[in-house]
Structures are given as structure tokens and as C-alpha cells.
Amino acid sequence: MNTLVAHPAPAAPLTERGTAQFRRTNWALFAGGFATFALLYCVQPMLPVFSAAFALSAAQSSLVLSISTMTLAVGLLLTGPLSDAVGRKPVMVAALCAAALCTLLTPLMPSWHALLLMRALIGLALSGLVAVAMSYLSEEVDPRHLGLAMGLYISGNSLGGMGGRLISGVLVDFVSWQAAVAVLGGLALLAALVFWRLLPDSRHFRPTPLSLANLAGGLRLHLSDRGLPWLFLEAFLVMGSFVALFNYIGYRLLEPPYDLSMSLVGTLSVVYLSGTYSSTQAGALADRLGRHRVFWPSILLMLAGLLLTLFSALGLILAGMLLFAFGFFAAHSLASSWVGRRALQARGQASSLYLFSYYVGSSVAGTAGGFFWQHGGWNGVGLFIAALLALALGVALHLSRLPPKQPVA
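Reading the values: rules and limits
Residues numbered from 1 in each chain as written. Predicted model: local features only at pLDDT ≥ 70, side-chain atom pairs only at ≥ 80, totals over all residues. Heavy atoms only, no water. 1 Å grid on protein atoms, 1.4 Å probe; cavity = no way out; pocket = protein on both sides within 12 Å on 5 of 7 lines; lining within 4 Å. Points joined across faces, edges and corners; volume = space filled by probe spheres on them. Helix = DSSP H or I, 4+ residues; strand = E, 2+ residues; numbered from the N terminus. Nonpolar A, V, L, I, M, F, W, Y, C, P; charged D, E, K, R; others polar. Phe/Tyr/Trp six-rings, centres within 6.5 Å; stacked < 30°, edge-to-face > 60°. Buried < 20%, exposed > 50% of the residue type's maximum accessible area, 1.4 Å probe, protein only.

(A) Structural view of empty space enclosed by the protein. As enumerated under the stated definition, the model contains six cavities of 30 Å³ or more in all. The volume enclosed by the largest cavity comes to roughly 170 Å³. In terms of lining, the largest cavity is formed by 16 residues, of which the most central are P45, F246, I249, G250 and V265. Elements represented by at least two residues in the lining of the largest cavity include exactly α2 (47–54), α10 (228–254) and α11 (262–267). Looking at the lining of the largest cavity element by element, the count peaks at six residues for α10. Residue composition of the lining of the largest cavity, by class: 10 nonpolar, five polar and one charged. Each pocket or cavity is described by its volume, and for the second largest cavity that value is around 70 Å³. Looking at the lining of the second largest cavity, the elements that each hand over two or more residues are α1 (20–41), α7 (146–171), α10 and α14 (314–342).

(B) Structural context of the packing of aromatic side chains. With the rule as written, the count across this model stands at 18 aromatic pairs. Here the aromatic rings of W27 and F30 are separated by 6.0 Å at their centres, their planes lie at 70 degrees, and the arrangement is edge-to-face. Here W27 pairs with F30, and both are found in helix α1, just three residues apart, close to one helical turn. Take W27: its relative accessible area is 57%, and that puts it in the exposed class. Judged by its relative accessible area of 21%, F30 falls in the partly exposed class. Judged by centre distance (5.4 Å) and plane angle (70 degrees), the rings of F50 and W177 are edge-to-face. Placement of the pair is F50 in helix α2 and W177 in helix α8 (residues 177–198), with a sequence separation of 127 residues.

As C-alpha cells, this is what we get:
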């Protein structure tokens, strides 16, 4: 008599380049990344508008962005582990919808403090997508194509950052800031629908019970790794540099001898297109050559771009902004995928820690740059950013000598 033996179902294959699953994944996360960073950064070109409307200094006005990135950073410590417990897609969909709805409510806020409160809620909501997208890709995409997939996601981030700044920066010359923000909220709600319909359900997600013991264990695991803490520090330094530059370059260009209009300053966000290209290409190049060979040159590109912005010729300033954005998005794409490769367990928490550092850097350096602008003008801001990037380059060179982490058999 034959005995029937139950065999476990074969594991679902990882998503490979060239498949319909790969295309749907990338389009969905592109849309989600676009909406996330459009909502987060749409207020950046309007900082001078807020300064005038509410009688604020440059540093005070920067809080409308810094408070969002700070609550986003705090939220990352919760939403990453939450996604480890309940799943990746549900958390991301809920986060994007909540952020879009809060943005639509923002124009109704009656005061500066109420506006800051709503921006804080937007940052908290966006943490749900930002924390989880990297983990989703690390679990679902074949490691051979992870660099490309992460680069495509980061390119959506760069286009969203550019699109949010461009739309709000141009619109605010013709309509109120309230109307400009409402337009962004409507576009984000549409992107949330696209994201929900296109993104495939997780096939390799394994839930981890949400408990303090698991959180503490994951934290110890990641902080004891030879590379992850350095990648977390790198996120703080690189993102802090990036936000400090783009927060205050608008103030410089609105003043003599440039006297650019708000719409022209907003249009300068097209330099983010260089990030769309560099993030994808850097990821693909790292898949072939290794991240340790590609990462530190991206920091050098940021330093070169910063140096160009210190000249007075407008053409050199614009070239510097372009090169700086090119290097930044390459560096972020490489570092974020590197975290996914080194974190073999509790990946949601590892992504959260990386992005926590990233957005704390945005909040701290983004506001601190205002004091350098107030007391030293653009040269003061440039000196501040150069110090951050010098530290980032030292960290990158240290990481370049780090041997790759091997999975435990």
C-alpha cells in the first residue's frame, strides 16, 4: 500500500528583471516614492513665502519642512517593526492615503502653529511607506537585480522631490500657497490609488511578532554589525548636507544680484532629474562592481557640486546644484540597498534605523543651516555643508574596506 507523503509547496520565485512582476513592482513603488517626496518637499521652495506671510526668519520658516522630517524619523521606529508584524503592502497603502488626506486638510489650518501640527502628522503618516519600501524590495526582488530595483525606486523619490518643488514653486507665483498645497494633495491621492492597484502582494514576507523583546534583539543585532552603524551615520551626514543646500539656495537666488522670481527658483528643481538618472545607474553599476567601489566617488561628486555653488556666476551655481543632486541620489541609492544586503534579519527595523538617521539629519542640518545663513550668508552655509561631507567621505572610505557579509548557513 502506497503511503502518501505531503511535501511542502515550493517557495515562490524571487522577482527577476524583465518579468511583469518586476515591472509592476517598480511602477508601483515609483508612484509611491513620487507621491511621498512630493508631499514632503513641496513646502521647500515656499520657505521665503512662509517667511513673508508669517513674519518668520529663515530658520523659523524651515521648521515647516524640518518638523515633517523629524516626525517621519520618529514614525520610522514604529512603522518598520509594525510592517514586520502585519505585512508590507497594507502599511504602505494606509500610510500614503493618510498623508494625502492630511495634505488636503493643510490649507484649512488657521495659524502657523496649526500648519506645523498638520505637517507633523503628514511626516508621521509618510513614515509608513518610507520605512517599508526598502524592506519590500529586499524580500521580493532577486539580489542580482536589487540594485537596479532600488535605484528605480530612488529615482521616483528624486522625481517626486523635484515635482513637488516644481509644482508648488511655480504655482505660488500665481495662486496662494494654500491652493498650491491642495493641488499636491490631490495628485498624491491619485498616486495612492495607482500604488494600491499595481503593487503585487508580498510572496516572501514572514511575520515577526511585534514585541519589545524582538525590537531590542533586532536593535542589538543591527548595532553590533560592522557596517550598519556606519551606514546609519552616513545617512545622517549625506541627507543633512542635501537638505541644507536646497533649503537656503532659494534665499540666495531671490536676493541681488540674481533677483530671480519664485517660479524661476521653483523651476530650478529640475536639477533633480540628474538624480533620477544617477540613482538607477549607480545601482546597476554597483551590482556589477560592488557598492564599496562606487559609493565614495558619489560623495566626491557632492563636494565638487558644493564648490561650484560658492562662485558668483549663476551658470556655475546651477551646474553645482546639478552635480550635487547627481551625487546625492547615487549615494542614497547605494547606501539604502547596502543596508538591505547587510541586514539578513529584521530588515524592516534595519531600514527604519537607516531612514531614522536620514531624516534626523534632514531635520537637524536643515534647520541648523539657517543659522549659518543668517550669520555667514552662502559662504557660511557652504562651510557647514563641506564639514558634513568631509565626515561622510571618511565614513565612505572606511566602508569601502569592509568585507561583504555572508548569510549564515
